[in-house]
Amino acid sequence: MKATRLEEGNTSKEPVPIRSNKGISVIDLVLRLVGIAGTMGAAIAMGTNEQTLPFFTRFVQFSAEYDDFRSFRLFVIVNAIVCAYFVLTIPLSIVHIMRSVARGTRILLIIIDTVMLALLTAGASAAASIVYLAHNGNSSTNWLPVCQQYGDFCQGASGSLIGSFGAIVVFILLILLGAMALSRQSKRRL
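Residues numbered from 1 in each chain as written. Predicted model: local features only at pLDDT ≥ 70, side-chain atom pairs only at ≥ 80, totals over all residues. Heavy atoms only, no water.

Scanning the chain for helices and strands turns up 4 helices and 2 strands. Order of helices (α) and strands (β) in the chain, N terminus to C terminus: α-β-β-α-α-α. Across the 190 residues that make up the chain, the buried fraction comes to 36%. A sequence separation of at least 24 residues applies to 79% of the contacts in the chain between residues at least 6 apart. Of the accessible surface of the chain, which amounts to about 11500 Å², a share of 67% is contributed by carbon and sulfur atoms. (Helix = DSSP H or I, 4+ residues; strand = E, 2+ residues; numbered from the N terminus. Buried < 20%, exposed > 50% of the residue type's maximum accessible area, 1.4 Å probe, protein only. Contact = heavy atoms within 4.5 Å. Areas by Shrake-Rupley, 256 points an atom, 1.4 Å probe, with all protein chains shown as cover.)

As structure tokens, this is what we get:
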């Protein structure tokens, strides 16, 4: 056993174990694919949601469609934008699997993921408020619950919210994973 002086600093030059970010990158790719499924499903479910109720005759009918409500239109547009964003970021996610030290693209993805998270949260929250009013109504504004008459329409709208809120959780996980990957890279450089 060789004795060394502490002043030389040999003890601080021990190699830090390098952990690969490939596992994080694979999880990132899988989460982006899940996000595509969630946002596309939500946009399609809401975009095709309609119900027609016959009145006394077949010539007078009441119908409910998603584009009758501006917040539902916003919901469909936002989910389509976020779905396209997920599709466009798949190649970057694949690059991160092959080259796990890519730092600039990870920072860019974290920033844009945060913006898309805010956009998706706004669209989903606006639609959720209308779905809540459709189910429960609001007695102070004389808005009666309409889901008793338009049950299929309300179920379709409620179901489409599940995919969108699932994608919100996916974005939160993607931002955390990206931050973990950057944290691991900065530890290697120190």
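Opposite charge on two side chains permits them to pair, given that their charged atoms come into close proximity. Per the stated rule, a full pass over the model turns up 2 salt bridges. D28 serves as the salt-bridge partner of R32, at 3.0 Å between the closest nitrogen and oxygen. On the criterion of helical spacing, the pair formed by R32 and D28 is a turn pair, its members being 4 residues apart in helix α1 (residues 22-47). You can call D28 buried: its relative accessible area is 7%. Notably, a salt bridge pairs R32 with D113, separated by 2.9 Å at the nearest N-O pair. Here R32, found in helix α1, pairs with D113, found in helix α3 (residues 104-136); they are 81 residues apart in sequence, far enough to count as distant. We note that R32, like D113, is buried. (Salt bridge = Lys/Arg side-chain N within 4 Å of Asp/Glu carboxyl O.)

Turning our eyes to something else, we now look at the environment of L133. Here L133 is to be found in helix α3. Between the alpha carbons of L133 and L144 there is a distance of 8.1 Å; along the sequence they are 11 residues apart. The residues contacting L133, other than those within four sequence positions of it, are N138, W143 and P145.

A few words on a nonpolar patch on the surface. Together, V169, I172, L173 and L176 make up a nonpolar patch on the protein surface, roughly 340 Å² of accessible area in all. Along the polypeptide, L176 turns up in helix α4 (residues 151-189). You can call L176 exposed: its relative accessible area is 51%. (Patch = residues over 30% accessible without salt bridge, like charges linked within 9 Å, V, L, I, M, F, W, Y side chains within 5 Å.)

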